[in-house]
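Residue-level listing of the chains:
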Amino acid sequence: MENKLSLTVQGTIDSCTTLRSDDLYCKYSFATAGDWNSYQGATTGITTSSHAEGTKPAIFNSPFQVSFFSSKPYGWPQIVIAVYGLNN
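Residues numbered from 1 in each chain as written. Predicted model: local features only at pLDDT ≥ 70, side-chain atom pairs only at ≥ 80, totals over all residues. Heavy atoms only, no water.

**Student:** Go over the overall build of the protein chain, please, and point to the residues and values.
**Tutor:** A tally of helices and strands in the protein chain yields zero helices and seven strands. In the protein chain, the order of α-helices and β-strands from amino to carboxyl end is β-β-β-β-β-β-β. The C-alpha radius of gyration computed for the protein chain amounts to 16 Å, which surpasses the reference 12 Å derived for 88 residues by more than 25%, pointing to a less compact arrangement than a globule. For the protein chain, the residues scored as buried account for 25% of the 88 residues in total. (Helix = DSSP H or I, 4+ residues; strand = E, 2+ residues; numbered from the N terminus. Rg over C-alpha atoms; globule rule 2.2 N^0.38 Å. Buried < 20%, exposed > 50% of the residue type's maximum accessible area, 1.4 Å probe, protein only.)

**Student:** Report on the pairing of strand β2 (residues 21-31), specifying residues and quantitative values.
**Tutor:** Pairing between β2 and strand β5 (residues 50-51): two bridges, direction antiparallel. Considered in β5, the bridge of L24 is made with S50. Note that β2 and strand β4 (residues 44-46) share three bridges and pair antiparallel. By the bridge assignment for β4, S29 is matched with T44. (Pairing = 2+ DSSP bridges.)

**Student:** Tell me what's going on with the packing of aromatic side chains, and back it up with residues and numbers.
**Tutor:** Taken as a whole and assessed by the stated rule, the structure comprises six aromatic pairs. Ring centres 5.2 Å apart and planes at 35° place the aromatic pair W36 and W76 in the tilted group. One end of the pair, W36, is in the loop between β2 and β3 (37-41); the other, W76, is in the loop between β6 (58-70) and β7 (78-87), and 40 residues separate them in sequence. Among the residues examined, W36 registers a relative accessible area of 5% and is labelled buried. W76 sits in the partly exposed class, given a relative accessible area of 47%. Here the aromatic cluster, defined as three or more aromatic residues joined through ring pairs, consists of Y28, F30, F64 and F68. Positioned over the ring face of Y84 is K27, at 5.4 Å from the centre of the ring. (Phe/Tyr/Trp six-rings, centres within 6.5 Å; stacked < 30°, edge-to-face > 60°. Lys NZ or Arg CZ within 6 Å of the ring centre and 35° of its normal.)

**Student:** Lay out the side chain of S67 in plain terms, naming residues and giving numbers.
**Tutor:** Relative to the assigned elements, S67 resides in strand β6. Here S67 falls in the buried class, since its relative accessible area comes to 2%. Here the side chain of S67 touches T8 through a polar contact of 2.9 Å, side chain to side chain. Ignoring sequence-local partners within four residues, the contact set of S67 consists of L7, T8, N37, S38, Y39 and Q40. (Polar contact = N/O pair within 3.5 Å; in protein donor to acceptor, adjacent residues only side chain to side chain. Contact = heavy atoms within 4.5 Å.)

**Student:** Tell me about the environment of A52, and name the residues and values.
**Tutor:** Secondary-structure assignment places A52 in the loop between β5 and β6. Once the C-alpha coordinates of A52 and S15 are considered, the two residues, 37 residues apart in sequence, prove to be 9.9 Å apart. Non-local contacts of A52, meaning those with residues more than four positions away in its chain, are made with S21, D22, P57 and A58.

Shown next as C-alpha cells:
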C-alpha cells in the first residue's frame, strides 16, 4: 500500500480595503503541482459583491474548505486570490 499525504485547507475571505473601487468581489482558486488532487470541496470559488465607501472595507465573509491528497510533498497547494471591481 502506498503512503498518501492528506491536507485540508479551511478559512474565510473576510474583507478588502482599496481606495480605487467601490463595488468589489473576489475570485479564488487553488494551484497545485506534482500529483496533488482534490477529493473534497471546491478548488475554485467567487465571493458575493460588497460595496465599500472611502476607507471602509468591503466585507465578504466567504468561507472555503477543500481537501487534497498526494504521495509526495512537492507542489503544495497554493491559494490564488484576485479582487475585481469598478474603477471610479
